[in-house]
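Residue-level listing of the chains:
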Amino acid sequence: MQAFFDEFLQWLPNVQLAHFLIVSAILFSLGIYGIVTRRNAILVLMGVELVLNAANINFIAFSRYGGVNMDGQLAAIFVIILAAAEAAVALAIVLNIYHRFQTVNVDEVSTLRE
Amino acid sequence: MSQELLLTLSLIVLVAPLLGFTLVIFFGKKLPRQGDWLETSIISIALVLSFIILFQKLTHYHDQTLSLNFTWVDFHNVPGIGPMKIVLGFAIDNLAAIMLVVVTLISTVVHFFSIGYMQGDVRYSRYFAFLGIFSFSMLLIVLSNNLFLLYVGWELVGLSSYLLIGHWYEKKSASDAAIKAFIVNRIGDIGFFTGIMILFATFHTFGLQEIFDGIKNGTIPYGSEGWLTAAGVLIFCGAVGKSAQFPLHVWLPDAMEGPTPVSALIHAATMVAAGVYLVARTFPMMTADALMVIAYIGAITAFISATIAIAQNDIKKVLAYSTVSQLGYMVMALGVGAYTAGVFHLVTHAMFKAGLFLGSGSVIHAMHHALHHQNDHHTDAQDIRNMGGLKSKMPVTFWTFVVFTLAISGVPLTSGFLSKDEILAGTLAFSGLTGHSLVPLIGFFVAGLTAFYMFRVVILTFLGEHSDPHRLEHIHESPKVMTLPLVLLAILSVFIFYSFNPFSAAGWIAHAVERPESVVPAVVAAPSAEVFGEAAHHAHGTAMMLSLLVAGLGMLTAFATYRWKKINADKIAAHVAPLHKFLMNKWYFDELYNGVVVNGTLTWTNILRWFDDTIVDGAVNGAGSVTKVSSFISGKFDSIVIDGFVNMTAYLSGFAGLVLRKVQTGKIQTYIIFAVFSVMIFYFAFRIW
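Conventions adopted
- Residues numbered from 1 in each chain as written.
- Chains lettered and ligands numbered in written order.
- Predicted model: local features only at pLDDT ≥ 70, side-chain atom pairs only at ≥ 80, totals over all residues.
- Helix = DSSP H or I, 4+ residues; strand = E, 2+ residues; numbered from the N terminus.
- Rg over C-alpha atoms; globule rule 2.2 N^0.38 Å.
- Buried ≥ 20, exposed ≤ 12 C-beta atoms within 10 Å, placed from the backbone.
- Contact = placed C-beta atoms within 7 Å.
- Nonpolar A, V, L, I, M, F, W, Y, C, P; charged D, E, K, R; others polar.
- Pairing = 2+ DSSP bridges.
- Axes fitted to C-alpha atoms, helices over the stretch in contact; angles between N-to-C directions.
- Parallel < 35°, antiparallel > 145°, perpendicular 65-115°, else oblique.
- Left-handed = near helix turned anticlockwise from the far one by under 90°.
- Core = buried A, V, L, I, M, F, W, Y, C linked by C-beta atoms within 7 Å.
- Expected span 1.5 Å × (residues − 1).
- Bend = angle between axes of the 7 residues up to and from the residue.

*Asks:* Teacher, can you tell me more about the overall build of chain B here?
*Replies:* Looking only at helices and strands, chain B has 25 helices and 2 strands in total. Relative to the 2.2 N^0.38 estimate, which gives 26 Å for 689 residues, the radius of gyration of chain B is 37 Å and therefore markedly larger than a compact globule would have. C-alpha extents for chain B along the principal axes are approximately 145 × 70 × 55 Å. Across the 689 residues in chain B, those meeting the buried criterion constitute 49%. Contacts in chain B between residues at least 24 apart in sequence constitute 81% of all its contacts with a sequence separation of at least 6.

*Asks:* Explanation requested: the overall build of chain A in the structure shown.
*Replies:* When you go through chain A residue by residue, the secondary structure sums to 4 helices and 0 strands. Relative to the 2.2 N^0.38 estimate, which gives 13 Å for 114 residues, the radius of gyration of chain A is 19 Å and therefore markedly larger than a compact globule would have. Across its three principal axes, chain A shows a C-alpha extent of roughly 55 × 40 × 20 Å.

*Asks:* Is there a simple way to think about the interface of chain A and chain B in this case?
*Replies:* Where interface size is given, it is often the accessible area lost as the parts come together that is meant. Residue-level contacts link 8 residues of chain A with 7 residues of chain B. Its residues placed into classes, the side of chain A that touches chain B shows 5 nonpolar, 1 polar and 2 charged.

*Asks:* Any chance you could explain the pairing of strand β1 (residues 66-78) of chain B here in plain terms?
*Replies:* The side chains of a regular strand alternate, first on one face of the sheet and then on the other. Residue and element names in this part refer to chain B. With 1 of 13 residues buried, β1 is to be regarded as a mostly surface element. Relative to strand β2 (residues 82-92), β1 runs antiparallel, the two sharing 11 bridges. By the bridge assignment, Thr71 is partnered in β2 with Val87.

*Asks:* Can you help me understand the packing of helix α14 (residues 339-373) of chain B against helix α19 (residues 480-491) of chain B in this one?
*Replies:* All names here are of chain B. Their axes nearest at 9 Å, the elements α14 and α19 cross at an angle of 155°. The angle between α14 and α19 places the two elements in the roughly antiparallel class. Crossing hand, α14 versus α19: left-handed. Within the contact between the two elements, α14 uses Met351, Ala354, Gly355, Leu358, Gly359 and Ser362 and α19 uses Met482, Pro485, Leu486, Leu489 and Ala490. Classifying every residue of the contact of α14 with α19 gives 8 nonpolar, 3 polar and no charged.

*Asks:* Just checking my understanding: could you explain the nonpolar core for this structure?
*Replies:* A general tendency of soluble globular proteins is for nonpolar side chains to be buried together. Counting 216 residues, the largest nonpolar core has Ile98(B), Leu100(B), Val276(B) and Ala354(B) as the members making the most contacts within it. No other element matches α14(B), which puts 18 residues into this core. Not counting the four nearest positions on each side in its chain, Val276(B) is found in contact with Ala239(B), Ser243(B), Leu327(B), Met330(B), Val331(B), Leu334(B), Gly342(B) and Leu346(B). Phe28(A), Ile35(A), Leu45(A) and Leu50(A) belong to the second-largest nonpolar core, a separate cluster that totals 8 residues.

*Asks:* Sorry if this is basic, but what is going on with helix α1 (residues 3-27) of chain B here?
*Replies:* At 3.6 residues per turn, the α-helix brings residues three or four places apart onto the same side. Residue and element names in this part refer to chain B. End to end, α1 covers 36 Å across 25 residues, agreeing with the expected 36 Å (1.5 Å per residue, within 8%). Considering bend angle alone, the principal kink of α1 is centred on Val15 and spans about 25°; proline Pro17 follows within four residues of it. For α1, the set of buried residues is Leu6, Ser10, Val13, Leu14, Ala16, Pro17, Gly20, Phe21 and Val24. Buried positions along α1 lie against α2 (36-60), β1, β2, α3 (94-117) and α4 (124-143).

*Asks:* What am I meant to see in the environment of Ser478(B) here?
*Replies:* When you line up the elements, Ser478(B) lands in the loop between α18 (469-472) and α19. Put simply, Ser478(B) and Arg186(B) are 292 residues apart on the chain and 38 Å apart in space, counted from C-alpha to C-alpha.

*Asks:* It is not clear to me how unusual backbone geometry should be interpreted in this structure. Could you clarify?
*Replies:* What is expected of a backbone is that most residues other than glycine have negative phi and most peptide bonds are trans. All names here are of chain B. For the bond from Phe246 to Pro247, the omega torsion is 5°, close enough to zero to count as cis. The phi dihedral of Ala244 falls on the positive side, at around 55°, and the residue is not glycine. Take Ala244: it is sitting in the loop between α8 (225-242) and α9 (251-254).

*Asks:* How should I be thinking about the packing of α8(B) against helix α11 (residues 271-281) of chain B in this particular structure?
*Replies:* Axes are the key here: two packed helices are described by the angle between their axes and the distance separating the axes. All names here are of chain B. One way to put it is that α8 packs onto α11 with a least axis distance of 8 Å and a crossing angle of 160°. The angle between α8 and α11 places the two elements in the roughly antiparallel class. Seen along the crossing, α8 lies across α11 with a hand that is left-handed. Residues Ile235, Phe236, Gly238, Ala239, Val240 and Lys242 of α8 touch α11, and the partners they reach there are Met271, Val272, Ala274, Gly275, Val276, Leu278 and Val279.

*Asks:* Just checking my understanding: could you explain the environment of Glu477(B) for this structure?
*Replies:* Within the secondary structure layout, Glu477(B) lies in the loop between α18 and α19. If sequence neighbours within four positions are ignored, Glu477(B) has contacts with Lys393(B), Met394(B), Pro395(B), Val396(B), Thr397(B) and Thr483(B).

*Asks:* Any chance you could explain the environment of Ser653(B) here in plain terms?
*Replies:* Structurally, Ser653(B) can be placed in helix α24 (residues 589-660). With 353 residues separating them in the primary sequence, Ser653(B) and Ile300(B) have C-alpha atoms 97 Å apart.

As far as function goes, none of this settles anything; it's purely spatial.
Okay, here's the thing in structure tokens:
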């Protein structure tokens with residue numbers, strides 16, 4: 001355990017691709033967790049944003065460490081724009097849902113189920 | 001007259017009755033008088049043409065055979081045989097020309113007689129139509145120069161005989177007799193057909209002349225004289241059936257169920273003589289052994305039927321057995337080699353036997369009328385014991401009947417004397433040459449019997465007292481249309497038409513129909529025509545004396561017994577009761593055949609039916625049940641196992657659906673969890689791998 005810990009402390013300041021990927025994974029997991037656990041549609045949307053940004057971090061990281069061109073960063077910018085658009089549409093939908101059902105609880109909005 | 005014209009005329013004679021048949025059978029009911037005049041005039045024209053043909057043939061082409069051939073089928077190249085053509089045709093030689101006249105003459109006479117006899121019959125036009133088809137088929141036999149057309153005609157006369165015997169088919173006995181005649185004839189025809197096939201297999205032709213030529217050139221069936229004898233005997237089998245020879249003679253007496261003119265035409269004069277004609281036609285190919293068989297069959301037939309005839313009481317039955325006996329005579333004549341005598345007897349017999357039958361028809365006609373007048377439906381109109389004393393009432397019938405009886409008994413100055421005498425001389429010559437003395441012995445004995453039973457009929461029918469004097473008053477002579485044919489036939493039964501010398505048969509027929517030379521190899525040939533003719537000539541005087549003696553004896557006995565009552569017939573019959581009963585019952589031939597052939601066949605068919613019912617049907621039914629059981633099992637298998645599988649699949653699907661549907665919550669979150677976990681599972685799975 002002590003050996004593992006020492007190795008970890010040695011590894012941690014030595015910033016490289018894995019660090020970014022781990023952050024990204026944590027962020028992705030938090031996003032998924034938010035999507036799955038939250039009942040409020042707004043919070044679900046926020047989870048989605050987290051997932052998207054986790055992907056962005058991946059893009060940037062791969063672009064910085066692996067790539068020879070700017071493609072990754074380009075994709076990240078693209079995703080940010082996409083996320084903005086998505087947020088706009090999704091919020092509009094949520095607004096409409098609220099109008100219709102008087103709630104933003106996704107569990108109660110289940111008329112598509114049947 | 002040219003040959004072509006003569007042949008054309010003969011073809012007209014052949015086809016005319018067929019035309020008449022066609023017209024009358026289809027339109028008979030619509031024609032005036034139901035078409036009897038049509039048939040009668042057609043056959044009369046045929047008679048005139050036949051006379052012309054005969055005259056021309058004898059005067060211009062005496063020693064020639066006029067023939068007309070045509071290719072019926074050409075098989076081209078038959079494997080193993082080479083080119084094969086079936087050539088059929090017609091031929092007129094002296095024999096055919098004479099037969100042509102005999103057939104058309106008797107046919108014409110019978111047609112005229114029938115107009116009177118069949119008046120008011122229910123199927124009057126049909127009757128005449130059948131007479132037409134009969135004439136056609138008989139003429140086909142006569143004119144054919146090959147076995148094929150001969151066989152066709154042969155079967156057609158069988159058919160017309162069947163139709164005419166069964167003319168009154170409402171009567172069970174008549175329809176039975178018709179069937180019997182047909183079937184018994186078939187038995188003979190099987191032999192005939194086999195004989196034809198043996199010859200065809202060897203010579204690949206049906207033409208008689210070609211076959212004779214082939215035999216003459218040394219080709220014989222399968223290289224063995226035995227086969228040639230077999231072929232001859234088998235062809236003779238056909239004659240045995242058609243000419244009612246022992247052992248197939250049983251149908252002819254029963255055939256008397258037909259109308260009497262039919263009996264005269266078909267069952268006395270022409271059709272039954274076809275067998276004799278056939279043997280005469282195929283005479284050159286008969287070996288000595290075959291001729292021996294023919295001679296003995298003829299002799300046995302003559303003897304058996306003559307003995308039966310003396311114990312019969314039905315006038316037509318007596319005449320029928322007399323016919324069988326006389327046919328036996330002709331066959332015997334051909335068998336012993338007296339070819340000319342046999343053919344001559346065929347001609348003379350045709351005249352007087354047709355006359356006898358027509359005479360009996362006239363008597364029966366009168367009896368029917370009288371019985372009808374008395375409202376008597378029980379007395380048998382054909383039983384001679386119910387007759388007697390008809391002489392004064394029916395003089396024409398009586399006197400013509402006497403002439404015919406004299407002719408058949410062989411009394412001088414009649415035609416029968418000439419031909420019978422020749423036959424007896426022939427049998428004597430035969431026994432002299434071969435040592436078979438049984439044949440002439442039977443010949444003379446039968447001659448005596450014939451005279452006896454024929455005079456018995458005459459005495460019982462026409463002389464003495466009638467059994468019922470009251471009935472006699474109602475008996476009248478038959479109309480002219482019936483008596484004139486009788487007179488004509490009676491005239492034709494006088495010697496002058498056949499030979500100018502009343503004691504010698506050497507007239508135009510003997511000259512025209514000479515015995516043809518045998519074509520069979522010399523080792524199996526009968527004594528040649530010269531040798532035989534010499535012997536017959538020597539035997540002639542003896543034969544004449546003896547035949548006169550036996551005929552006189554027979555007549556005397558008949559008169560002594562039935563006219564002068566010096567001999568009591570009943571007493572004698574009682575003395576030899578078993579014999580009398582034996583003869584009365586026709587030697588028990590019918591019973592024998594019923595017992596052996598009919599019952600044998602029935603037993604055999606019953607066995608076969610049992611076999612069919614139990615074994616074959618059992619097998620079929622067994623197969624059916626096995627199939628049924630197996631299909632039941634397979635059905636159960638289907639409904640339980642296969643259907644079970646299918647149902648189980650469906651049930652499982654349903655169950656799976658029921659389970660999986662819980663997963664389908666419709667909540668995004670759940671799906672995302674699934675997705676994430678799936679990805680994680682995949683991830684780890686691939687990592688491990």
